[in-house]
2 protein chains.
Amino acid sequence: MILDGKKVRDEILAKIKAKIAKEKLDIKLAIILVGDDEASKIYIKNKEKYCDMVGIAVEKYKLSSETEEKEIINLIDKLNNDESVTGIILQSPVPEGIDFNKCSNLIKPEKDVDGFTKNNIYYLYLGKKTVLPCTVKGIIKLLEYYKIPISGANVVIVGRGNIVGHPLSLAFENMDATVTLAHSKTQNLAEITKNADILISATGVKHLITKDMVKYGSTVIDVGVTRVDGKIYGDVDFENIKDIARYITPNPGGVGPMTVAMIIDNLVEMEERKNG
Amino acid sequence: MILDGKKVRDEILAKIKAKIAKEKLDIKLAIILVGDDEASKIYIKNKEKYCDMVGIAVEKYKLSSETEEKEIINLIDKLNNDESVTGIILQSPVPEGIDFNKCSNLIKPEKDVDGFTKNNIYYLYLGKKTVLPCTVKGIIKLLEYYKIPISGANVVIVGRGNIVGHPLSLAFENMDATVTLAHSKTQNLAEITKNADILISATGVKHLITKDMVKYGSTVIDVGVTRVDGKIYGDVDFENIKDIARYITPNPGGVGPMTVAMIIDNLVEMEERKNG
């Protein structure tokens, strides 16, 4: 069965839109962009599109690439203290000479939409209620939508990056899964992945996951994206695995669409928490 | 083969003692004890004993159980700024009404001997150089002493507490092991532990690890301690496993002795980092 990220995204956004209208929620996202990174502009446009769609206001702060760190810090301080601002994103990357981690860690945990600041990672580590990073939350919501149990499942995550693998392993473990985090230094990877009830790959290596690595009847989630000769590939050899796995994400069309929707979902959650 | 924690501890401490004397290192540990917890007094006495043995000064701050949080915060602030202080321990538990995490998180990361403050956990998560929690470091040093490879090994940790299981999984993964974190909600635990090159149990459940759960030729590390009918037991059924495992810790006499030695080791490391 295909885990249809677009369908689930659209349902989630429709529900949120109705909720915002009904409860007259006044949600505002502040986005800080420093410099002229082209990819960043596309990402931001995408975030704006979805915010607009559901009725969330976006306030953009475009700063020149000559901006000093001090100015960014002051702006974050101002937005932290602005009651009308629900969430803050400092778009990565920032120009050289600016310490991204230092700046973004100043965002209040309760306004940290991306869930990557020190405080939220620490809460995740402690197993406390936290703002989940969007890809992590997107995967969890997708599994929950299709009623795939996480508690007690053997979950193998391939790839230990700080955007997906690392925080996902903490989040799944907090949900009582037994998590194995595999990576490029893992030996006999196939033996390990064959034990997975839920196999998640986030490496950016084209078709790393082949059919001999997948347990019959399991769930396979493809987070990887890589470009080879102008064509985009996922980590998972979808065509040869789709009849072995019980559930599988397409890629594109699986985790990707869920990720942006989770920015919206986080903002609503944060606004509700703010209002008690 | 027995992993002899006492022997390794003694060798490490002897080396440190010689180093401190030779390099005339001026190391001071500040310990804050709030209230009258009897177990804490024993722990502190033990730490003092080893500091004394190698030539590290200890400054104790005994505060009454009526002490206000503000006072503790001021003391930590003073010790943070005192150049003569190498490391600070706020002894847990603290009396009710005092927020242990809030107070201990104020200890500067470079003076955090226990390695449990927010900053050091965040660095551990990011894979940056950090002060390792003592039990974690003790296990790593014990494995290194006996030349048991960690990189590329399949490591299964049973128990996901914040003192051992959780930080150990991050540290091992940073060292390129493939880590599975199992716990009370794990299903078919034996199947999982049988894949382990290195199996570490830290649950406090008497003889949870039986011989059918251990791979022939593997390494078994017992961190658990529990008391049943006045007798102390580890997590590992040592007698029945010692001929299956290639390396195994006794318990007591394995990880325990290493842990206290690592407070000393951390202090020396911190003093050296301070001096550039």
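Worth saying up front: this structure is predicted, and the values here are computed from it rather than measured.

So, the overall build of chain A
When its secondary structure is counted, chain A shows 10 helices and 10 strands. When each of the 276 residues of chain A is scored for burial, the buried share is 46%. Sequence-distant contacts, at least 24 apart, represent 68% of the contacts inside chain A between residues at least 6 apart.

Topic: the domain arrangement of chain A
Here chain A is described as being made up of domain 1 (24–112) and domain 2 (134–257). The centre of domain 1 of chain A, based on its C-alpha atoms, is set 30 Å off from the matching centre of domain 2 of chain A.

Digging into the sheet that holds strand S5 (residues 178–182) of chain B
Taken in spatial order, the 10 strands make up an open sheet running S10(A)-S7(A)-S6(A)-S4(A)-S5(A)-S5(B)-S4(B)-S6(B)-S7(B)-S10(B), and their pairing is mixed. Here the strands that pair on one side only, and so sit at the sheet edges, are strand S10 (247–248) of chain A together with strand S10 (247–248) of chain B. Taken strand by strand, helix H7 (residues 165–174) of chain B contacts strand S5 (178–182) of chain A together with strand S4 (154–158), S5 and strand S6 (198–201) of chain B, and its axis lies near 165° from that of S5(B).

Overview of the packing of helix H1 (residues 5–23) of chain A against helix H10 (residues 255–274) of chain A
Residues and elements named next belong to chain A. Relative to each other, H1 and H10 sit at 20°, their axes nearing to 8 Å. Classed by the angle they form, the pair H1 and H10 counts as roughly parallel. The chirality of how H1 crosses H10 is left-handed. In this structure, H1 uses Gly5, Lys6, Val8, Arg9, Ile12, Leu13, Ile16 and Lys19 to contact H10, whose residues at the interface are Val255, Gly256, Pro257, Met258, Ala261, Ile264, Asp265 and Val268. Residue composition of the contact of H1 with H10, grouped by class: 10 nonpolar, two polar and four charged.

Structural notes on the nonpolar core
Ranked by size, the top nonpolar core spans 156 residues in total, and within it A:Val155, A:Ile157, A:Ile200, B:Val155, B:Ile157 and B:Ile200 carry the most contacts. Those residues in contact with B:Ile157, other than ones at most four positions away along the chain, are B:Gly165, B:Leu168, B:Ser169, B:Val179, B:Leu181, B:Ala182, B:Ile200 and B:Ala202.

Quick look at the sheet that holds strand S1 (residues 28–34) of chain B
All names here are of chain B. The three strands are arranged S2-S1-S3 in an open sheet whose pairing can be described as parallel. What marks the edges here is a single partner per strand, and that holds for strand S2 (57–63) and strand S3 (87–90). Recorded for the sheet is a direction-independent mean angle of 15° between the axes of neighbouring strands. Seen against the sheet, helix H2 (residues 38–54) touches S1 and S2 and runs at an angle of roughly 170° to S1.

As for the interface of chain B and chain A
Taken together, the contact between chain B and chain A spans 21 residues of the former and 21 residues of the latter. Residues that form the side of chain B that touches chain A fall into these classes: eight nonpolar, eight polar and five charged.

What to know about the relation of the copies chain B and chain A
Superposing chain B onto chain A takes a rotation of 180° plus a shift of 0.0 Å along the axis, which leaves an RMSD of 0.0 Å. Between the two chains, the operation in question is that of a two-fold axis. When C-alpha positions in chain B are compared against the rotation axis, the closest is assigned to B:Thr180, at 2.0 Å. When the interface residues of chain B are mapped onto chain A, 100% of them again fall at the interface, so both copies present the same face.

Quick word on the pairing of strand S2 (residues 57–63) of chain A
Residues and elements named next belong to chain A. Where strand S1 (residues 28–34) meets S2, seven bridges bridge the pair, whose relative direction is parallel. Following the sheet pairing, Leu29 is matched in S2 by Val58. Regarding topology, helix H2 (residues 38–54) serves as the crossover connection from S1 to the parallel S2, and that connection is right-handed.

With respect to the environment of B:Ile244
Residue and element names in this part refer to chain B. Topologically, Ile244 is positioned in the loop between helix H9 (238–241) and S10. A residue is classified by how many C-beta atoms lie within 10 Å of it, and Ile244, with 16 of them, is partly exposed. Distance from Ile244 to Lys141, taken between C-alpha atoms, is 23 Å for residues 103 residues apart in sequence. Other than its neighbours up to four places away in sequence, Ile244 contacts Lys211, Val214 and Tyr216.

Focus on unusual backbone geometry
At the junction of A:Ser92 and A:Pro93, the peptide bond is cis and its omega measures out at 0° in the coordinates. Note the cis peptide between A:Asn251 and A:Pro252, where omega equals 5°. Here A:Pro252 lies in the loop between S10 and H10. Even without a glycine there, the phi angle at A:Asp229 is positive, about 50°. Relative to the helices and strands, A:Asp229 resides in the loop between strand S8 (226–228) and strand S9 (231–233). Classification of A:Asp229 as exposed rests on a count of 5 C-beta atoms within 10 Å. Residue B:Asn188 is not a glycine yet carries a positive backbone phi of 35°. You can see B:Asn188 is positioned in the loop between S5 and helix H8 (189–193).

Topic: the environment of A:Phe116
You can see A:Phe116 is positioned in the loop between helix H4 (100–104) and helix H5 (118–126). In the structure, A:Phe116 is positioned 92 residues away from A:Lys24 in sequence and 29 Å away in space, judged by C-alpha atoms.

Observations regarding the environment of B:Gly127
Along the polypeptide, B:Gly127 turns up in the loop between helix H5 (118–126) and helix H6 (134–145). Between the alpha carbons of B:Gly127 and B:Ile139 there is a distance of 18 Å; along the sequence they are 12 residues apart.

What to know about H2(B)
All names here are of chain B. Look at H2: 25 Å from first C-alpha to last across 17 residues, which is about the 24 Å you get at 1.5 Å a residue. Where H2 is concerned, the buried positions are Lys47, Cys51 and Val54. Within H2, the buried residues cover an arc of 65° as seen down the axis, which keeps them to one side. Set apart from the buried face of H2 by more than 90 degrees, the exposed residues are Glu38, Ile42, Lys45, Asn46, Lys49 and Asp52. Buried residues along H2 sit in contact with helix H1 (5–22), S1, S2 and helix H10 (255–274).

As for H7(B)
Residue and element names in this part refer to chain B. Taking burial as the measure, the 10 residues of H7 include nine buried ones, the bulk of the element. Along H7, the positions that sit buried rather than exposed are Gly165, His166, Pro167, Leu168, Ser169, Leu170, Ala171, Phe172 and Glu173. Once H7 ends, the next one or two residues include Asp176, with phi positive near 70°.

Focus on the pairing of S5(A)
Of all the five residues making up S5(A), five are buried; the element is thus mostly covered by neighbouring parts of the structure. Neither face of S5(A) is open: one carries A:Thr178, A:Thr180 and A:Ala182, the other A:Val179 and A:Leu181, and all of them are buried. Regarding topology, helix H7 (residues 165–174) of chain A serves as the crossover connection from strand S4 (residues 154–158) of chain A to the parallel S5(A), and that connection is right-handed. Relative to S5(B), S5(A) runs antiparallel, the two sharing three bridges. Looking at the pairing, A:Val179 lines up with B:Leu181 of S5(B).

What counts and what doesn't
- Residues numbered from 1 in each chain as written.
- Chains lettered and ligands numbered in written order.
- Predicted model: local features only at pLDDT ≥ 70, side-chain atom pairs only at ≥ 80, totals over all residues.
- Helix = DSSP H or I, 4+ residues; strand = E, 2+ residues; numbered from the N terminus.
- Buried ≥ 20, exposed ≤ 12 C-beta atoms within 10 Å, placed from the backbone.
- Contact = placed C-beta atoms within 7 Å.
- Domains from an automatic or database assignment.
- Pairing = 2+ DSSP bridges.
- Axes fitted to C-alpha atoms, helices over the stretch in contact; angles between N-to-C directions.
- Parallel < 35°, antiparallel > 145°, perpendicular 65-115°, else oblique.
- Left-handed = near helix turned anticlockwise from the far one by under 90°.
- Nonpolar A, V, L, I, M, F, W, Y, C, P; charged D, E, K, R; others polar.
- Core = buried A, V, L, I, M, F, W, Y, C linked by C-beta atoms within 7 Å.
- Least-squares fit on C-alpha atoms with pLDDT ≥ 70 in both.
- Right-handed = clockwise from strand over helix to strand, strands pointing away.
- Expected span 1.5 Å × (residues − 1).
- Arc of directions from axis to C-beta.

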